[in-house]
Amino acid sequence: MKILVYGLNFSPELTGIGKYSGEMATWFSDNSNDVKVITAPPYYPEWKIHKGFSSWKYTVTNDKFDIVRCPIFVPKKINTFNRLLHLLSFSFSSLIPLINQRKWKPDYIICVVPTLFCVPGAILLRKLSGAKIILHVQDYEVDAMVGLGLSKSPLLASLARKFETWCLTSVDKVSTISKSMMRKAVEKKVQPENIIFFPNWSEVSRFTNIQLEDVINLKERLDLPKYDKLILYSGNIGEKQGLEIIVDVAKRFQEKSYLFLFVGQGGGRQRLEAIVSENKLCNVLFRPLQPYDDLPALLKLADCHLVIQKRGAADAVLPSKLTNILAVGGNSIITAETDTELGQLCNDYPGIAICVEPESQVAIYDGIVKCLALPSENRIAKQYAAENLDIDCVLPKFIDVLHRV
C-alpha cells in the first residue's frame, strides 16, 4: 500500500503526537508499505524550531522514506490568535508538496489532527488521486480550545465547531485514540460505521526489560539530591495540565524527603519555575527532556507519576505519556472526572492508577500519599499495557482495517 502521513508533528519530537506519527510511519515502512510524510520541522514541546532545522525552508530527506518538511510560523507567545496563525501557516505551506503527491497516487492519506486546517488540502488531493482519507484525531483541538477558555468569542467558537463538523463528515473514515473520543465523534455527526478505534501504543518490550544499571546511571546524570520518594512529571509543560497546583501540593511535603521532579519543556515551564523560585521550594526540581533511549529508565526511577490535566480536558485530550507509564508498571495519579475515558479506565481496571478530582489540591495530595504506599511495581498496569497497548498489536489491527476500507 502507498500511505501518505500528513500532519504537523513528527519525529524527532520526543513527546506527544510527533512521537506516535514517527513510530507509525516507521512501522508502516518496515512492514512492506510504501510511505511518504509531509510535516513541519520539529518544534514541540519547546515551541522552538529544533537545531539543524529551518522554519522557512522546504526540505526533503530520505532514510527509509521521503519526509517533506514545510515552513511554519512558531510563535514565541502562545495565545489563540498566534496559535491559529501557527496552524494556518502549515496548512498553506504544505499545500504545494501535498498536491504534488497526485503523481504518486497514494492509496491512503492519514491526516493527523491537529490540525483540521489540513483537511481541505487532503480532500483536494483525494479528488486528484483517488486516495482515501483517514482523519486520525489525536486531539479534539476545538474542544480543547473552548474548554480551556482559549477562545472568549462565541462567534469564533461557533464557526470553529461548524468547520470541525464539515471536516469530520467529509473524509472517508475518522480514527481516534479512545472509546470516549469515538463517542464524541458520533456526537459531532460522524456515522458510527465510519469511526475506527486506533489507540496510542507503547513499545512494551522496551519498557519491560529495564536494566538496574541504566536506572542508576540516569539518576547520576540527572544530578538529583538524596530523597526517599520521587514524584515525577514528564512531558510537555504547557497550558492543558494546570501544573501550578503541583507546586502548591509540593509545599505540603516539604517536611518529608520527597522530591518533585519535572522533566520536559513547554510554554508553561518558565512561569512554573518562577513560582517555585518565589516560594523558595527546595523539593521541586526541573530537568530538560531526556533522550528517548533513556525514557524507560526515567519512568522506572519514579515512585509516583503525575498525569495532570485541567477539568474539561480529560476527554478532549488523552495523555500520550500514560501508555509508557503503564508499560513500565508505574504507579500514577490521574486527574480526571469519573465519567471521562481516564476515569472509566480506572473504574474498569481497579488498581491500574489512582484517579482523583481535577484541580483539587487536597485530592492530589491524598492521591500521592496513597500512591507512595503501593508496591513499587504495578502489575495491573503492566498486564493492561501488554494486552492492549503493544505496538505490534495495535498497528497490525489498523492495517487490517485499512485493507477493508
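Our structure is the block above this text.
If you're wondering where the values come from, they're calculated on a predicted model, not measured in any experiment.

A.B. asks: What should I look at first to understand the packing of aromatic side chains in this one?
C.D. replies: What describes a pair of aromatic rings is the distance from one ring centre to the other and the angle between the planes of the rings. On inspection of all chains with the given rule, the structure shows 18 aromatic pairs. Ring geometry for Y6 against F90: centres 6.0 Å apart, planes inclined by 40 degrees, an arrangement best described as tilted. Of the two residues, Y6 is situated in strand 1 (residues 2-6) and F90 in helix 2 (residues 80-93); the sequence distance between them amounts to 84 residues. For F90, a relative accessible area of 0% puts it in the buried group. Centroid distance Y20 to W201: 5.1 Å. Interplanar angle 85 degrees. Geometry classified as edge-to-face. Placement of the pair is Y20 in helix 1 (residues 16-30) and W201 in the loop between strand 8 (195-197) and helix 8 (204-208), with a sequence separation of 181 residues. Each member of the pair, Y20 as well as W201, carries the same accessibility label: buried. Linked through ring pairs, Y20, W27, F28, F198, W201 and F398 together constitute an aromatic cluster. When the ring centre of F197 is taken as reference, the NZ or CZ atom of K179 above it lies at 4.8 Å.

A.B. asks: Can you walk me through helix 16 (residues 379-388) in this structure?
C.D. replies: Side chains of residues three or four places apart in an α-helix project in the same direction, reflecting 3.6 residues per turn. For helix 16, the set of buried residues is A381, K382, Y384 and A385. The buried residues of helix 16 occupy an angular sector of 165 degrees when projected down its axis, which confines them to one face. Residues R379 and E387 are exposed on helix 16 and point more than 90 degrees away from its buried face. Looking at the buried positions of helix 16, the neighbouring elements they touch are helix 8, helix 13 (321-327) and helix 14 (341-348). At the N-terminal end of helix 16, a side-chain oxygen is found 3.1 Å from the backbone nitrogen of I380, two or three residues along, and the residue is N378.

Conventions we followed
- Residues numbered from 1 in each chain as written.
- Predicted model: local features only at pLDDT ≥ 70, side-chain atom pairs only at ≥ 80, totals over all residues.
- Heavy atoms only, no water.
- Phe/Tyr/Trp six-rings, centres within 6.5 Å; stacked < 30°, edge-to-face > 60°.
- Helix = DSSP H or I, 4+ residues; strand = E, 2+ residues; numbered from the N terminus.
- Buried < 20%, exposed > 50% of the residue type's maximum accessible area, 1.4 Å probe, protein only.
- Lys NZ or Arg CZ within 6 Å of the ring centre and 35° of its normal.
- Arc of directions from axis to C-beta.
- Contact = heavy atoms within 4.5 Å.
- Polar contact = N/O pair within 3.5 Å; in protein donor to acceptor, adjacent residues only side chain to side chain.

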